[in-house]
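# Residue-level structure breakdown
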Amino acid sequence: MLNFFQLILIYAGVYAMMAIGQNCITGYTGMLSLCHAGFFCIGSYATAIMCKTMGLSFWLSIPVAAVVAGAVGFLIGVPTLRLKGDYLCIATLGLGEIIRNIATNLNPVGYNSIPRVSLFGYQFASRNKVAFIILIWAFVLIFYIIFQRLAHSRIGRAMTAIREDEVAAASNGINVTEYKIISFVLGAAVGGVAGCFQTAYTLTVQPASYTFMVSVMVLCTVVLGGMGNGKAVILGAFIIQFISYFPQLTGLTNVIPAQAKQIIFGLILVVMMIWRPQGLLGRDKFRYGDPRSRGEKIRAVFARKKGGAV
Amino acid sequence: MNTLSLYLQYIVNGITLGAIYSLIALGYTMVYGILKFINFAHGDILMVGAFSGLLIYQALVGEADPGVWTMLAFFISMLASMAICAVLGVFIERVAYKPLRNANRLAPLLSAIGVSFILSNGAAWIFGTTSRRFPYPFQNDPIHMGGVTITPHQILVIIVSIIMMILLAFFVNKTRMGKAMRATSLDQNTSALMGINVNRVISLTFAIGSALAAVGGMLASFDFRVYPSMGTMTGLKAFVAAVIGGIGNIQGAMIGGVLLGILEAVGAPLLHIPNGMRDTVAFAVLIIILLVRPEGILGKNEREKV
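Presented here is an overview of the structure given in this document.

Thresholds, definitions, all that
- Residues numbered from 1 in each chain as written.
- Chains lettered and ligands numbered in written order.
- Predicted model: local features only at pLDDT ≥ 70, side-chain atom pairs only at ≥ 80, totals over all residues.
- Helix = DSSP H or I, 4+ residues; strand = E, 2+ residues; numbered from the N terminus.
- Rg over C-alpha atoms; globule rule 2.2 N^0.38 Å.
- Buried ≥ 20, exposed ≤ 12 C-beta atoms within 10 Å, placed from the backbone.
- Contact = placed C-beta atoms within 7 Å.
- Nonpolar A, V, L, I, M, F, W, Y, C, P; charged D, E, K, R; others polar.
- Expected span 1.5 Å × (residues − 1).
- Core = buried A, V, L, I, M, F, W, Y, C linked by C-beta atoms within 7 Å.
- Axes fitted to C-alpha atoms, helices over the stretch in contact; angles between N-to-C directions.
- Parallel < 35°, antiparallel > 145°, perpendicular 65-115°, else oblique.

Along its length, chain A carries twelve helices and two strands. Reading the helices (α) and strands (β) of chain A from amino to carboxyl end gives α-α-α-α-β-β-α-α-α-α-α-α-α-α. For chain A, the C-alpha radius of gyration of 20 Å lies close to 19 Å, the compact-globule estimate for 310 residues. Overall, the C-alpha framework of chain A stretches about 65 × 45 × 45 Å when taken along its three principal axes. For chain A, the proportion of its 310 residues judged to be buried stands at 48%. For chain A, the proportion of contacts with a sequence separation of at least 24, taken over those separated by at least 6, is 79%.

Given below as structure tokens:
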């Protein structure tokens with residue numbers, strides 16, 4: 001039981017990282033990308049190939065994964081993001097399949113027994129889950145802070161403006177295509193880094209595991225928590241992982257069919273869109289021109305609750 | 001076999017494949033023309049059509065040998081699966097898309113992905129993930145014409161597709177309801193003011209598109225077998241076909257489908273692409289079209305009004 005909870009924590013960390021990337025694309029800029037599985041695959045393969053075939057360090061593969069995934073995102077983003085409408089989602093849906101296709105043609109069985117990650121002489125072994133939880137969540141925290149800062153920066157505000165109204169954003173001097181590409185490339189890069197940690201934990205990569213389902217799971221994570229809200233996305237990652245490990249957790253693997261979780265993910269998307277499109281936690285509130293600090297705002301809310309005059 | 005007849009053979013195969021893409025692309029393009037959104041679940045409706053067609057056909061025919069009765073049973077099961085898919089399409093529209101008609105652009109897309117996931121995994125749950133063969137309802141002995149070989153099933157695919165497209169063109173261009181449909185795709189609010197029941201037009205669009213997808217699914221299952229995730233890649237390619245022709249344009253979808261089929265069948269051997277990477281061709285075509293002529297062959301370049 002404890003074992004499964006630790007496993008959920010690890011995978012929730014990996015998915016939280018991917019969801020941070022997806023949130024940058026879908027939540028901030030309002031573009032629908034469906035190939036996080038592809039970026040995830042690129043990252044996993046980067047670590048696998050660099051550590052196994054080239055004998056390089058895991059830590060070196062993280063920036064490489066980010067750059068390669070970002071570059072692929074750039075290549076697909078440049079033709080499709082110039083256009084209006086929803087071409088991106090179809091193009092990315094195709095890209096996800098193509099990346100898996102290439103990975104399968106490259107090496108149908110994938111890579112096994114990839115060397116373990118070591119840090120200052122300490123080796124991360126898969127059975128020692130606590131070490132992995134700390135490692136992965138440390139990186140989730142780093143990315144959370146980076147993207148939270150990004151969301152509140154000039155770039156982030158431009159992205160939000162594009163999400164709300166492209167024409168209005170463009171007429172205010174925002175280069176829509178440029179910011180869309182920035183957002184897409186950043187999101188892709190984080191997806192790639194998440195792949196490194198997946199490989200570091202499982203020490204195997206198989207092309208068959210990077211299916212469209214992974215992309216939908218990441219999307220579901222973002223939608224469930226709340227698009228454009230960093231904390232909500234991490235909450236979403238926990239819920240989604242809990243749902244997908246629920247049969248193992250309760251020992252009902254024989255009772256619950258394997259497709260049940262996918263059907264639940266589909267239902268989550270439909271139901272959330274109809275009844276709560278802003279997600280469980282809703283959108284992040286921005287301090288547009290509000291000079292009060294967070295503490296002052298919280299105090300103001302409590303003052304109102306007590307029945308005092310506003 | 002010399003090179004010329006080899007390529008003629010590829011083109012014949014491509015036209016057959018393309019006719020199927022066209023039928024499916026019509027559903028995408030009609031829905032896009034009216035609601036301006038990509039119906040992601042369309043590919044999975046195709047899968048439902050193929051499964052229901054197969055099951056009804058098997059129930060009707062049993063162990064009978066190919067003959068007149070199996071041919072008749074094939075068309076009966078095709079009509080039945082068209083009806084099933086039409087009802088399913090309208091139901092999906094009512095439940096998952098209609099409440100979101102005034103929501104932001106992303107909401108119906110996400111909902112459609114959810115529906116697609118429910119359909120494909122629901123089918124995997126009910127029917128299992130193994131792929132099934134659709135038995136030919138006739139003797140499928142190839143016919144040799146010069147250096148080119150045509151199988152009866154290819155002829156069937158092409159004839160059925162042509163009939164369906166003529167019927168659709170007649171409906172859209174000559175009937176009152178077709179006129180209402182064209183009006184709605186130009187401007188929803190104005191057509192509502194002119195007394196057109198927009199909701200009914202939208203339901204009808206989904207019904208027709210899904211019925212055509214059912215035909216496409218059944219015809220495709222001769223070549224691709226029937227399995228729960230068959231709709232994803234076929235649906236994706238049909239969408240590419242719709243984009244090639246100009247999304248929202250009905251003639252464009254027909255032309256785009258055939259063009260994509262030929263490109264795929266000829267392009268892979270021409271460029272020496274291994275068969276496992278054939279899907280890449282359709283994808284590369286999409287990227288090129290988006291770069292060179294994003295409005296498609298027959299599409300008009302629409303400017304967004306504020």
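Anyway, onward from the coordinates.
Before going further, it helps to spend a moment on the environment of B:Leu4. Residue and element names in this part refer to chain B. Of note, Leu4 is situated in helix 1 (residues 3–35). Given 11 C-beta atoms within 10 Å, Leu4 falls into the exposed group. For Leu4 and Val90, which are 86 residues apart along the polypeptide, the C-alpha to C-alpha distance reads 47 Å.

Our next topic: unusual backbone geometry. Of note, A:Leu203 is a non-glycine position whose phi angle comes to about 60 degrees, a positive value. One non-glycine residue, B:Arg225, lies in the positive phi region at around 65 degrees. One can find B:Arg225 in the loop between helix 8 (198–224) and helix 9 (230–245). Its 15 C-beta neighbours within 10 Å are what place B:Arg225 among the partly exposed residues.

Below, the discussion takes up the environment of A:Thr250. Residues and elements named next belong to chain A. Its place among the elements puts Thr250 in helix 10 (residues 230–250). On the basis of neighbour counts, which here come to 12 C-beta atoms within 10 Å, the residue Thr250 falls in the exposed class. On a C-alpha basis, the gap between Thr250 and Ile8 in space is 13 Å, while along the polypeptide they are 242 residues apart.

The subject of this paragraph is the interface of chain A and chain B. Taken together, the contact pairs 34 residues of chain A with 37 residues of chain B. Looking at the side of chain A that touches chain B element by element, the count peaks at ten residues for helix 4 (residues 87–106) of chain A. Here the residues of the side of chain A that touches chain B are counted per class, giving 23 nonpolar, eight polar and three charged.

A few words on the environment of A:Ile62. Residue and element names in this part refer to chain A. Relative to the helices and strands, Ile62 is located in helix 3 (residues 58–81). Note on Ile62: 21 C-beta atoms within 10 Å, which makes it buried. As for Ile62 and Ser44, which are separated by 18 residues in sequence, their C-alpha atoms are 9.7 Å apart. Among all residues touching Ile62, those that are not within four sequence positions of it are Val193 and Cys196.

Residues and elements named next belong to chain A. Relative to the 26 Å expected for 18 residues at 1.5 Å per residue, helix 2 (residues 36–53) spans 25 Å between its end C-alpha atoms, a close match to the ideal helical length. With 15 of 18 residues buried, helix 2 is to be regarded as a mostly interior element. Phi turns positive one or two residues past the end of helix 2, at Gly55, with a value near 70 degrees.

What follows is about the nonpolar core. Counting residues in each nonpolar core, the largest one holds 197 residues, and the members touching the most others are A:Met17 and B:Val215. Those residues in contact with A:Met17, other than ones at most four positions away along the chain, are A:Phe139, A:Val140, A:Phe143, A:Val190, A:Val193, A:Ala194 and A:Phe197.

With that settled, the discussion passes to the packing of helix 2 of chain A against helix 9 (residues 212–225) of chain A. Residues and elements named next belong to chain A. Packing of helix 2 against helix 9 brings their axes to within 7 Å, and their N-to-C directions diverge by 110 degrees. With respect to helix 9, the axis of helix 2 lies roughly perpendicular. Of helix 9, the residues touching helix 2 (which contributes His36, Ala37 and Phe40) are Phe212, Val214, Ser215 and Val218. Taken together, the residues of the contact of helix 2 with helix 9 break down into five nonpolar, two polar and no charged.

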